[in-house]
Amino acid sequence: MHYPSISIAAEHDISAPSVDVKVEGEINEIFTVIRATQTYTNKETVNIESVYTFPLPSTATLLEMTAVVGSRTYTGVVAKKSDAEQAYEKAIESGDSAVMLENPSPGVYTANFGNLMPGESATIHFTYVHMNEWTHDGLRFFLPTTIAPRYGSPAQAGLQDHQIPGFSMTQENRMRISISVLGRLSGSDIISPSHSFDITREPERTVITALYHSSGRILMDRDFVLSIRPAEPIRSSAFIEYDGDSYTALASIKPEIAPDAAPRIKCVSIVIDCSGSMSGDSISQAKAALDEILRTIRSTDYFNIILFGSSCIKLFNSPALADAGNITIARKMTANMDADLGGTEIGAALRAALESSVPEGMPHDLLLITDGQVWDADDLIRETAAHGCRAFTVGVGSAVSEVFVRDLALSTGGACELAAPGEDIAGKIVAQFRRIFASMAEKVSITWPFETIATYPQKFSTVFDGDRLLAFATGKNAPRGGVRFETVAGGAAAVTDIACEEFKHDASLPRPGSGSAILSRLMASAIINDRNTPRERIEHLAMSHNLMSPVTNYILTVERKDGEKAVDLPELRKVRQTLAAGWHGLGTVQQEMCCCDEAPPSPPSSRRSRSATSSGPSGVMFSRKSPSSSRDRYRTMTRPNGFIFDEDEFEVPAYIRAGSDITPFRSMSAFIINFNGRHTSLARGLECLSFADLDELGLPLEILNMLTAMSNGNNEEELVLALLIVLSEDIHRGKFSRQSNRLIQKRYRELPQIYAYRTTICDSMNSMATD
């Protein structure tokens, strides 16, 4: 387990393209519509494939994708993943262009533009809807702009090599943001804890525009966050839409639940992320919150504190009574707590909490404070849910991995809060701790105004006071009356009747024709995003409602005229991520908040200098090896506190750090990694065509010996290529990078006679026990 490597891109590094992003959107009471534009420009002399992996909220529903190439606009369609990939590769091989949008992991998307010609610019547009998140005091809108480096293996999270984000300390992706707040929300108090902004108030519309850097665009190094507090409480509401065949209803419900007069004694394990990525603002506010929790916890409750990084530290072997002596011990731990425990082995910490012995019959809850920067957490979420502990999570930081903290909470019956630097992180942590003791509904039911064909969710696992619930239903018959919502809490029943309104298809949404009606698409998307939905149903819903999903892609192709087609395969160019502000203690993101109707402060200054050879304003020092050094991409940095931060802080494979002096470990996995590493560029063609090449890249000896035995009278290069075909298409399909696959396939088309070797090699390989 490790963090990814982070490179320094020199100013002349043309292989590090940037993307120009523009975002416009409208926030209403139920959901937010976002229209994003990404513009790519090829400044090279060869055709390229631009690949950009970027974040979206985990509940986002993509409604359409278009691309503008030259003077023409092309509209994307949703296709099964394998069909979309085939169409994409076919267009590229034909010298045409193609755009493909993928969703390799929840909240993570990859835009691919194949065959962007020299000097050419092209723009990808997409529209998505994000269901709003309401808290006690209002609505929190967030727009993720970058993916922070995460601990662990992105491959285990489902990302292929070309989809894995790259990171550079010199990358400065920038964007423009303009968000309109509509209707009854337009008169709200509006605060941004993340950015300074300008505000324009109009009847029924308030326009928020991020104040720009001198470049005209803000840096994409943190989530854009708005806190919207309505002047009047927003009531429950329900909408109906007819799509020509059936009705779909959406209800937004705010239940009232009376507080429990005598909360039960609780056992709470507080798990705090002390990895390096929590340095700075996040850990400081976590300490303040823990102080407050220790001050307010009842002496009859039980508690434990677990700090984790590369390892975990338990305050007590098992939860202890919160008496004066144990609170004193906990305060000493809190005083010395820092983000100095290395990586993010969150699994060991949660297991340490889950496996603790608790007083018999007492419910055990977790309060987890983390930035959630881990890749492969699905098994951990399932494991936590199986233990029966509720997880109350607080995702902190400037670029929180929202998917992990939200899914962990929802899967266990807990609740999730997100808090960016600039927000009251300590206050949100304490509020989440108090929520553990809050009363909740024991029974919830909804009566719809028609006979339902399907509903979602089919049940609510937990409902706390102040929550806002969203529910969908479909039916064939015209609705009669409204929606009735009933709860039972503390033995008392409460009923809420909600009148249904016709859903108005305003101009911010794509017109029908790009899919089915909006509400039915949103319902289908909610089911797709549910981790318990079977793959077959996801594929059916995605195809029938024209929706992105883990098993479907958006695809469009651009047929070029003869003479304008690409002659060579495109060189892969990844758009690197801008490092998240405050990540690993790199500077701070603290800034003044800007409130509506007040003169906004000056725009925040750039986080730090990006020069690779000079010191930035925050005191961060950069130095770089000589250009001829093979270690050029890694560098040493001195933080303001004098801590030395260099390549050894990341687990860079030894054979990469030391060049070719060390023989790589022999295994099929190592061979594929080394093969992909050798073929990062198409310009030099396939470079593995001999037995010596296979040996150098770590191919297991039994396979190498098998191939050597077949060489009597046969062409060595053809045997090697046949082996690569068998590995990349059959036995280890999906593990070879996009570049590697293209080079293998290109050479295969030149030597079709190798097909004769394929069956023999495949049979021999299947009889071996290799990894």
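Residues numbered from 1 in each chain as written. Predicted model: local features only at pLDDT ≥ 70, side-chain atom pairs only at ≥ 80, totals over all residues. Heavy atoms only, no water.

Bringing the confidence of the model for the protein chain into the picture now. In this model, the protein chain carries an average pLDDT of 82, and 84% of its residues clear a pLDDT of 70 or more. Every residue in residues 589-663 scores below 50 in pLDDT, and together they form 151 contacts with partners more than four places removed in sequence or on other chains. (pLDDT = per-residue confidence, 0-100. Contact = heavy atoms within 4.5 Å.)

A few words on the nonpolar core. Residues I27, L62, F141, I179, F224 and L226 are the most contacted members of the largest nonpolar core, which totals 52 residues. If near-sequence neighbours (up to four positions away) are discounted, I179 is found in contact with V23, E24, G25, I27, I34, F141, T206, V207, I208, F224 and L226. One finds V268, A322, A330 and F437 within the second-largest nonpolar core, a separate group that totals 39 residues. (Core = buried A, V, L, I, M, F, W, Y, C linked by side-chain atoms within 4.5 Å. Buried < 20%, exposed > 50% of the residue type's maximum accessible area, 1.4 Å probe, protein only.)

Two elements, strand β13 (residues 174-182) and strand β16 (residues 205-210), share 5 bridges in a ladder whose sense is antiparallel. Residue pairing across strands places L182 opposite R205, the latter belonging to β16. Bridge count for strand β15 (residues 197-202) against β16 is 6 bridges, and the pairing is antiparallel. Directly across from I199, in β16, lies its bridge partner I208. A loop of 2 residues connects β15 with β16, the two strands running antiparallel in sequence, and E204 in this loop sits at a positive phi of about 65°. (Pairing = 2+ DSSP bridges. Helix = DSSP H or I, 4+ residues; strand = E, 2+ residues; numbered from the N terminus.)

Okay, the pattern of salt bridges next. In total, this model carries 40 salt bridges according to the counting rule given. Note that E49 is salt-bridged to R738, the shortest N-O span being 2.6 Å. Placement of the pair is E49 in strand β3 (residues 48-55) and R738 in helix α15 (residues 738-750), with a sequence separation of 689 residues. What makes E49 buried here is its relative accessible area of 0%. R738 gets classed as buried once you look at its relative accessible area, which sits at 9%. One salt-bridge network, held together by shared partners, links E49, K81, E89, E102, R738 and R742. (Salt bridge = Lys/Arg side-chain N within 4 Å of Asp/Glu carboxyl O.)

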